[in-house]
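Below are the chains, spelled out letter by letter.
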Amino acid sequence: GSIEMALSVSDVYFTVSGLNSLPILIAIAKQTQYFTYVTLIISLIYNATGIVLAFLGIITPLIAAFFMPLSSATVLILAIVHLKTLQHKLKKTLV
């Protein structure tokens, strides 16, 4: 019915009545937004460093190209750690 359709397109929905968990949701959203900015900056610095080192001839473009995917892997690992941290904090908050 309409409830199932609404839940399928919702980004977030509460499984408990009331709005008591709204501050927790807002805190998680703020932490996630901050994490996104930090990982973006880390990725930009990492990639810019590789480009500059290749441009200056300190490393070859092939080596720089090899290290570029490591930037994505670094962000992915940081995201996994961040998610685990959020899950741990959420469990402590809800218990």
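Above this text is the structure in question.
Visitor: Would you take a moment to explain the overall build of the chain for this structure?
Guide: Each helix and strand in the chain was counted, giving three helices and zero strands. Along its sequence from the N terminus, the chain presents helices and strands in the succession α-α-α. Here the C-alpha atoms of the chain give a radius of gyration of 20 Å, more than 25% beyond the 12 Å that 2.2 N^0.38 yields for 95 residues. Its C-alpha atoms put the chain at 60 × 30 × 15 Å along the principal axes. Burial status across the chain gives 11% buried among its 95 residues. Here the contacts in the chain between residues at least 6 apart in sequence split such that 60% fall between residues at least 24 apart. Of the roughly 7,700 Å² of accessible surface on the chain, a fraction of 74% belongs to carbon and sulfur atoms.

Visitor: Help me understand the packing of aromatic side chains in this model?
Guide: Pairs of aromatic rings are described using the distance from one ring centre to the other and the angle between the two planes. Going through the model one piece at a time under the given rule, you end up with one aromatic pair. Here the aromatic rings of phenylalanine 66 and phenylalanine 67 are separated by 5.5 Å at their centres, their planes lie at 75 degrees, and the arrangement is edge-to-face. Take phenylalanine 67: its relative accessible area is 36%, and that puts it in the partly exposed class.

Visitor: Honestly, the side chain of threonine 39 in this entry has me stumped. Any pointers?
Guide: Among the structural elements, threonine 39 can be located in helix H2 (residues 22–55). In this structure the side chain of threonine 39 is engaged in a polar contact, spanning 3.0 Å, whose partner is the backbone oxygen of threonine 36. Those residues in contact with threonine 39 that sit more than four places away from it in its chain are Val75 and Leu78.

About the cut-offs
- Residues numbered from 1 in each chain as written.
- Predicted model: local features only at pLDDT ≥ 70, side-chain atom pairs only at ≥ 80, totals over all residues.
- Heavy atoms only, no water.
- Helix = DSSP H or I, 4+ residues; strand = E, 2+ residues; numbered from the N terminus.
- Rg over C-alpha atoms; globule rule 2.2 N^0.38 Å.
- Buried < 20%, exposed > 50% of the residue type's maximum accessible area, 1.4 Å probe, protein only.
- Contact = heavy atoms within 4.5 Å.
- Areas by Shrake-Rupley, 256 points an atom, 1.4 Å probe, with all protein chains shown as cover.
- Phe/Tyr/Trp six-rings, centres within 6.5 Å; stacked < 30°, edge-to-face > 60°.
- Polar contact = N/O pair within 3.5 Å; in protein donor to acceptor, adjacent residues only side chain to side chain.

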